[in-house]
Amino acid sequence: KMFAVQQTFATKTVQVNKVNKTTKASFVQDMKKAAVVGATVLMVNPAFAATIKLGGDNGELGFFPSSVTVSKGETVEFVNNKAFPHNVVFDEDAVPDGVDADKISHEDYLNGPGEKVSNKFDTAGTYEFYCEPHQGAGMQGKIVVN
């Protein structure tokens, strides 16, 4: 009789463990699915504090808007729109102390509509930038980081 009781007990333990393993496996699968969906949403729709168009909708030379204010740690997206080529060059004399204007500049030309670059701003202050080929035409902008 003792053997039969142990056998019954062992069988119940196995059944309980199977339920737990199934529950864990299901939970892990659900978490993996949620992670994939979350990552996909982030890749498809990254959060930008502001989007600045390079060139106006009617072909004007300028940044639209020419000035934006964001919070420290936020990202600004620059999107090539019209009248290209354009680039985004930060003025070394008009960025906060300690910020390397060369490192945050995008000197390579954006040649096609919809081409994008972005910057995350971790240091508070004012950042002035311009489009190198159109600086003489007044194509310049400003980002204020609070």
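It should be emphasised that the depicted structure is a prediction, and the values quoted were computed from it without experimental measurement. (Residues numbered from 1 in each chain as written. Predicted model: local features only at pLDDT ≥ 70, side-chain atom pairs only at ≥ 80, totals over all residues. Heavy atoms only, no water.)

Colleague: How would you explain the overall build of the chain if you had to name every residue and give the values?
Modeller: Of the regular secondary structure elements, the chain holds 2 helices and 9 strands. Ordered by position in the sequence, the α and β elements of the chain form the string α-β-β-β-β-β-α-β-β-β-β. Here the chain holds 146 residues, and 29% of them are scored as buried. When the accessible surface of the chain is split by element, carbon and sulfur atoms take 55% of a total near 9,600 Å². (Helix = DSSP H or I, 4+ residues; strand = E, 2+ residues; numbered from the N terminus. Buried < 20%, exposed > 50% of the residue type's maximum accessible area, 1.4 Å probe, protein only. Areas by Shrake-Rupley, 256 points an atom, 1.4 Å probe, with all protein chains shown as cover.)

Colleague: Run through the packing of aromatic side chains, naming residues and quoting values.
Modeller: For the structure shown, the criterion picks out 7 aromatic pairs. Ring geometry for F90 against F129: centres 5.5 Å apart, planes inclined by 55 degrees, an arrangement best described as tilted. With F90 in strand β5 (residues 86-90) and F129 in strand β8 (residues 125-130), this residue pair connects regions lying 39 residues apart in the sequence. Grouping residues by exposure puts F90 and F129 together as buried. (Phe/Tyr/Trp six-rings, centres within 6.5 Å; stacked < 30°, edge-to-face > 60°.)

Colleague: Can you lay out the nonpolar core for me, pointing to particular residues and giving the numbers?
Modeller: Counting 23 residues, the largest nonpolar core has F78, F90, Y127 and I143 as its most contacted members. Elements supplying a minimum of two residues to this core: β1 (50-54), β3 (67-70), β4 (74-80), β5, α2 (101-104), β7 (116-121), β8 and β9 (140-145). Take this core: its biggest share by element is 3 residues, from β1. Apart from the residues lying within four places of it in its own chain, the contact partners of I143 are I52, V68, V70, V76, F78, F90, F121, G125, T126, Y127 and F129. (Core = buried A, V, L, I, M, F, W, Y, C linked by side-chain atoms within 4.5 Å. Contact = heavy atoms within 4.5 Å.)

Colleague: Report on the side chain of N119, specifying residues and quantitative values.
Modeller: Mapping N119 onto the fold places it in strand β7. Relative accessible area serves as the criterion here: at 7%, N119 is assigned to the buried category. At a separation of 2.7 Å, a polar atom in the side chain of N119 contacts the side chain of H106. (Polar contact = N/O pair within 3.5 Å; in protein donor to acceptor, adjacent residues only side chain to side chain.)

Colleague: I'd love a proper account of the pattern of salt bridges, names of residues and values included.
Modeller: Oppositely charged side chains may form a pair once their charged atoms are brought near each other. This model, assessed by the stated rule, comprises 2 salt bridges. D57 is the partner of K53 in a salt bridge, and the nearest nitrogen-oxygen pair spans 2.9 Å. Judged by relative accessible area, which is 48%, D57 ranks as partly exposed. The salt bridge partner of E77 is K116, with a shortest N-O separation of 3.8 Å. In this pair, E77 sits in strand β4 while K116 sits in strand β7, placing the two residues 39 residues apart along the sequence. In this structure K116 comes out as exposed when scored by relative accessible area, which is 52%. (Salt bridge = Lys/Arg side-chain N within 4 Å of Asp/Glu carboxyl O.)

Colleague: How would you summarise the sheet that holds strand β2 (residues 63-64) if you had to cite specific residues and measurements?
Modeller: Read across the sheet, 4 strands follow the order β2-β1-β4-β7 without closing on themselves; strand pairing throughout is mixed. The open sheet is flanked by β2 and β7, the only strands paired with a single partner. (Pairing = 2+ DSSP bridges.)

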